[in-house]
Amino acid sequence: SFVLAAMPGLEAAQSWLAVLLCCAYILALTGNCAVLLAVRLEPSLHAPMYFFLCMLAAIDLALSTSTVPRVLSFYWFGTREISFGACLLQMFLIHTLSAAESTVLLAMAVDRYVAICHPLRHAAILTNAATAKIGLAAVARAVLFFLPLPLLLLPLPFCGSRLLSHSFCLHQDVMNLACANTMPSVVYGLTAILLVMGLDAVLICLSYILILKAVLRLGAWKERLKVFSTCIAHICVVLAFYVPLIGLSVVHRFGRDLAPLVHITMGNIYILVPAVLNPIIYGVRTKQIQRRILSLI
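Residues numbered from 1 in each chain as written. Predicted model: local features only at pLDDT ≥ 70, side-chain atom pairs only at ≥ 80, totals over all residues. Heavy atoms only, no water.

Here's the deal with empty space enclosed by the protein
Using a probe with the size of a water molecule, rolled over the atoms, empty space left in the structure can be pinpointed.
Part 1 of the argument: A full pass over the atoms with the stated rule returns one cavity of 30 Å³ or more.
Part 2 of the argument: As a volume, the largest cavity reaches approximately 40 Å³.
Part 3 of the argument: Forming the boundary of the largest cavity are Leu21, Thr67, Val68, Val71, Phe168, Asn268, Ile271 and Leu272.
Part 4 of the argument: Breaking the lining of the largest cavity down by element, the ones donating at least two residues are helix H3 (68-77) and helix H12 (260-285).
Part 5 of the argument: The element that contributes the greatest number of residues to the lining of the largest cavity is H12, accounting for three residues. (1 Å grid on protein atoms, 1.4 Å probe; cavity = no way out; pocket = protein on both sides within 12 Å on 5 of 7 lines; lining within 4 Å. Points joined across faces, edges and corners; volume = space filled by probe spheres on them. Helix = DSSP H or I, 4+ residues; strand = E, 2+ residues; numbered from the N terminus.)

Considering the environment of Met49
Part 1 of the argument: Among the secondary structure elements, Met49 is positioned in helix H2 (residues 48-65).
Part 2 of the argument: Accessibility expressed as a relative area gives 8% for Met49, which makes it buried.
Part 3 of the argument: For Met49, the contacting residues outside a window of four places in its chain are Met108, Asp111, Arg112, His234 and Tyr282. (Buried < 20%, exposed > 50% of the residue type's maximum accessible area, 1.4 Å probe, protein only. Contact = heavy atoms within 4.5 Å.)

Comments concerning the side chain of His122
Part 1 of the argument: Relative to the helices and strands, His122 resides in helix H5 (residues 122-125).
Part 2 of the argument: Note on His122: relative accessible area 16%, which makes it buried.
Part 3 of the argument: The residues contacting His122, other than those within four sequence positions of it, are Pro48, Asp111, Val114 and Ala115.

Side note on the UniProt feature "transmembrane region" (unreviewed entry) in the protein chain
Part 1 of the argument: When the UniProt feature table is mapped onto this chain numbering, "transmembrane region" (unreviewed entry) sits at residues 16-38, 50-72, 92-114, 134-158, 186-211, 232-255 and 261-284.
Part 2 of the argument: Overall, residues 50-72 shows 91% helix and 0% strand. The separation of its end C-alpha atoms is 32 Å.
Part 3 of the argument: From the first C-alpha to the last, residues 92-114 spans 33 Å; its make-up is 100% helix and 0% strand. (UniProt positions renumbered as here; feature names shortened; annotations may be inferred.)

Digging into the packing of aromatic side chains
Working definition: an aromatic ring pair is given by the centre-to-centre distance plus the angle between the planes.
Part 1 of the argument: Evaluated as defined, the whole model comprises five aromatic pairs.
Part 2 of the argument: Judged by centre distance (5.3 Å) and plane angle (90°), the rings of Phe2 and Phe158 are edge-to-face. Remark: Phe158 occurs in the loop between helix H7 (148-153) and helix H8 (171-175) and Phe2 occurs in strand S1 (residues 2-3); sequence separation between them is 156 residues.
Part 3 of the argument: An aromatic cluster is defined as three or more aromatic residues linked by ring pairs; in this entry it consists of Phe2, Phe84 and Phe158.
Part 4 of the argument: Above the plane of the ring of Trp221 lies Arg224, whose end atom (NZ or CZ) is 4.6 Å from the centre. (Phe/Tyr/Trp six-rings, centres within 6.5 Å; stacked < 30°, edge-to-face > 60°. Lys NZ or Arg CZ within 6 Å of the ring centre and 35° of its normal.)

This is the structure we're talking about:
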């Protein structure tokens, strides 16, 4: 088994930290479930962009649920140990769901590109069937790329420290505790990240370069701002996902000498911030979602 990391120097305040974490988790559950219900009940939201938003909400629900309850049990009840099998399963879920979210964000960027640059072909290109296939492809791609990660760790011996750097299991964190050659795991993990999250980030940037070129060809500034404003929510969601991801990667790669509190905090931000912010961003930017949620309340 492995030992989950505690907040150093804040042991006396762990119960209060757990309350804050629990409130953030409840907010994530409530917001994402509200988005799913609003899109389900509002016929005007039955469009590819909002179907992708539902996929995003479902992924955020699964990602936060696979980690936060275990962290809360650690903070409230002191159950710091996690078994090897449970750790590998949690690690697989975190990386797979993150990869699926990255793919859905790319699909949403392509949806914005087609809607702005080829509006007359939008309905023909992004049909409901095509949207469903993209969702299945996102899950299949994530599983295909990240299933080998726990399989590569499975035969390794762990004979030294069992203390993790986070309150949950991540591939690089677990891999660093192995007392054997981890080069195949290092190479494959880096390759998978670059081919999934890295490639998706490049393609999202490319989509927005093409969108900006199309917007700048419009006549009046007022019309340009109106068209580009349809992308603001998606840009905010992309930043909410990739900024914590990049921050966590930088901390793992270059922050070995940083305080353990930094590692734990960055890990919690990576897990919770997108799940909390995504429904708020789209709830603020989308009038139909606002009206439907208010009517449900």
